[in-house]
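Architecture and fold: a report
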Amino acid sequence: MSLLKVSGLGKSFGGVRAVDGINFELPAGELLALIGPNGAGKSTTFNMVNGQLRADSGSIMLNGNELVGLPPRSIWKLGVGRTFQIAETFASLTAVENVQMALLSADNKLLSTWRRASAYKRNQAIDLLDQVGMAAQADRPCSVLAYGDVKRVELAIAIANDPKLLLMDEPTAGMAPKERNDLMALTKKLVIERGMAVLFTEHSMDVVFAYADRMIVLARGRLIAEGKPLELRDDPKVQEVYFGSGKTFEKKKAAVKEPA
Ligand SMILES: Nc1ncnc2c1ncn2[C@@H]1O[C@H](COP(=O)(O)OP(=O)(O)OP(=O)(O)O)[C@@H](O)[C@H]1O
């Protein structure tokens, strides 16, 4: 049985069918990329899986539990984690304190009850930092860390609750190629070591081809293709909506920065 089974999932905003009856499965231990052009329905799909948006139709089963209709915290408790962007970490806290905060939250403890803040599960927090290669920088404030290192701390925070499924929304956005590869290699290592599944959106096709075990392609809310990335590269439907435009997302983004 797959860890995640999405069936007939749909969501409309007014007259726009943002997600139009999609089906896919994700087994444990797999890195699955969700790709598609702007407005394809990727974020809407993500937000339905983590409970921020309620689906209009369909089902999202995690290990036999229906997630549709549950609030985000219940979904998180059932084992769906997500990475948060840099702005959402506490930059003035040290790396280990950030992970300790995540452990507190996982244990349902409030900050006000955290009497000995610096002592709370410090060893466990250091162990999590060790898993992402950041133990040596545990006591440095996140504000002074390199961008790629902050991303590693974010990963440690995301795995503090021991998720079965980790959602990563554009994990490598804004990173240089070397940092991207390091982060995705680390993600792959965690997937293998922890038997965790990862669903991620990604604009860099290089990252998808190098690291995703499988990918699903959305266009206008519909799932138009799924399979191994290198097998889908030549799929005419994928080329038409994605590569066939002659523009990758990267080029599009670069074009925006160019003077008119
Ligand atoms: N809150 C909302 N209200 C109205 N329309 C929305 C809302 N959220 C998304 N949409 C519409 O739903 C469609 C899918 O949007 P979505 O953000 O899921 O796409 P995406 O694939 O994540 O795009 P991008 O790559 O640009 O982030 C789009 O037409 C978008 O305008």
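Residues numbered from 1 in each chain as written. Predicted model: local features only at pLDDT ≥ 70, side-chain atom pairs only at ≥ 80, totals over all residues.

With that out of the way, let us pick up the overall build of the protein chain. If you tally the helices and strands in the protein chain, you get ten helices and ten strands. The buried share of the protein chain, reckoned over its 260 residues, is 37%. By sequence separation, contacts in the protein chain at least 24 residues apart represent 66% of the contacts at least 6 residues apart. (Helix = DSSP H or I, 4+ residues; strand = E, 2+ residues; numbered from the N terminus. Buried ≥ 20, exposed ≤ 12 C-beta atoms within 10 Å, placed from the backbone. Contact = placed C-beta atoms within 7 Å.)

So, on to the site of the ligand. Around the ligand, the surrounding shell consists of Phe-13, Val-16, Ala-18, Gly-36, Asn-38, Gly-39, Ala-40, Gly-41, Lys-42, Ser-43 and Thr-44. Counting only elements with at least two residues in the shell around the ligand, the list comes to strand S2 (16-26) and helix H1 (42-49). The residue inventory of the shell around the ligand, partitioned by class, reads four nonpolar, six polar and one charged. (Near = placed C-beta within 6 Å. Nonpolar A, V, L, I, M, F, W, Y, C, P; charged D, E, K, R; others polar.)

Here the protein chain averages 86 in pLDDT, while 87% of its residues score no lower than 70. Within the model, pLDDT remains below 50 along residues 246-260, and this stretch shows five contacts once partners closer than five positions in the same chain are excluded. Among the scores for the predicted complex, ipTM is 0.97 and pTM is 0.87. (pLDDT = per-residue confidence, 0-100.)

Here the focus is the domain arrangement of the protein chain. What the domain assignment reports for the protein chain is domain 1 (1-74 + 165-171 + 199-260) and domain 2 (80-162). Domain 1 puts eight residues into the contact, and the matching count from domain 2 is five residues. Here the side of domain 1 that touches domain 2 takes four residues from strand S7 (residues 165-169), the largest share from any one element. A breakdown of the residues in the side of domain 1 that touches domain 2 according to their chemical character gives seven nonpolar, one polar and no charged. (Domains from an automatic or database assignment.)

If you walk across this open sheet you meet the six strands as S6-S7-S8-S3-S9-S10, and the pairing is mixed. On the outer flanks of this sheet lie strand S6 (80-82) and strand S10 (222-227), each paired with one strand and no other. Averaged over all neighbouring strand pairs, the angle between strand axes comes to 20 degrees, with direction disregarded. Pairing of strand S9 (residues 214-219) with S10 involves five bridges; the strand directions are antiparallel. Among the inter-strand pairings, Ile-216 is bridged to a residue of S10, identified as Glu-226. (Pairing = 2+ DSSP bridges. Axes fitted to C-alpha atoms, helices over the stretch in contact; angles between N-to-C directions.)

For the rest of this paragraph, the subject is the sheet that holds strand S1 (residues 4-13). The antiparallel open sheet is built from four strands, whose spatial order is S2-S1-S4-S5. Only two strands of the sheet have a single neighbouring strand rather than two, namely S2 and strand S5 (65-66). The pairing of S1 with strand S4 (residues 57-62) spans five bridges and is antiparallel. Its bridge partner being in S4, Lys-5 is matched across the sheet by Met-61. Each of S1, S2 and S4 touches H1; the most contacted strand, S2, lies at about 60 degrees to it.

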